[in-house]
Amino acid sequence: MTPAKISCRLTHISAWICKYARAAAPTILFVLLLSTIPARAAVGFVDYSGAKGAVPLAPYLEYLADESGRLNIERVFTQENQSRFSPLSAGLPLNLRGTLWLRFTLPPAPAGLETPFLRLDLGRDAPAGAVLYMPDGNINAALTTWIPQSPVEKNIFVLQLLGFSQQAQMPVTIYIKIPGAVGLWFAPQLLITQEASLKDMP
């Protein structure tokens with residue numbers, strides 16, 4: 001093949017590439033724009049049915065970054081701030097200055113089945129000083145009262161659902177206030193056992 005024919009063929013290939021690139025440009029641009037929009041789809045209830053040991057919580061967590069550090073649980077629970085929560089899959093702000101709020105929702109207990117004993121383990125990549133908030137279990141109250149809990153040991157919290165007969169019949173949303181950013185390997189878990197040990201008793 002002569003140099004002239006090679007040059008001609010390359011010109012045709014280049015023209016073909018440009019033609020289809022122009023046609024695909026709107027689709028490519030649309031996909032790129034979508035990738036920059038934070039995901040806000042509902043993450044659903046934590047599915048721990050039939051689970052033993054530990055359940056990773058990352059797929060069920062949502063977060064709110066409070067750079068001012070001034071929000072309390074009552075303000076976090078307002079409609080305005082509820083709409084600011086994003087799924088953990090949208091990406092955590094690793095350089096956060098302020099407070100990180102997390103939330104997840106436990107499903108109603110299956111009828112006729114014993115509620116397992118649940119603990120939350122935030123893991124080593126969460127800073128110390130976190131506080132967990134649970135509703136008080138009175139589903140007939142006009143206003144929600146929140147019960148703050150400290151960890152029973154480093155970054156491990158007891159989810160006191162056993163005494164909440166009304167809560168067991170409804171979904172329960174739990175909030176965690178973390179004073180600062182979490183580490184790159186942040187991987188909280190729901191620990192499941194059938195009975196509580198003495199060290200887990202508040």
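Our subject in this report is the structure included herewith. (Residues numbered from 1 in each chain as written. Predicted model: local features only at pLDDT ≥ 70, side-chain atom pairs only at ≥ 80, totals over all residues. Heavy atoms only, no water.)

This paragraph deals with the sheet that holds strand 5 (residues 117-121). Pairing between the strands of a sheet comes from backbone hydrogen bonds, and it takes one of two forms, parallel or antiparallel. Spatially, the 4 strands line up as an open sheet ordered 1-10-5-8, and their pairing is antiparallel. Looking along the sheet, the strands with just one partner apiece sit at the ends: strand 1 (53-56) and strand 8 (156-159). Across this sheet, the average inter-strand angle for adjacent strands is 30°, counted without regard to direction. Sheet topology note: the strand 5/strand 10 (residues 189-193) ladder contains 5 bridges and is antiparallel. Residue pairing across strands places L118 opposite I192, the latter belonging to strand 10. (Pairing = 2+ DSSP bridges. Helix = DSSP H or I, 4+ residues; strand = E, 2+ residues; numbered from the N terminus. Axes fitted to C-alpha atoms, helices over the stretch in contact; angles between N-to-C directions.)

We now examine the environment of T193. Positionally, T193 belongs in strand 10. Separated by 140 residues in the primary sequence, T193 and G53 have C-alpha atoms spaced 6.7 Å apart. Residues contacting T193, with those up to four places away along its chain left out, are P116, F117 and R119. (Contact = heavy atoms within 4.5 Å.)

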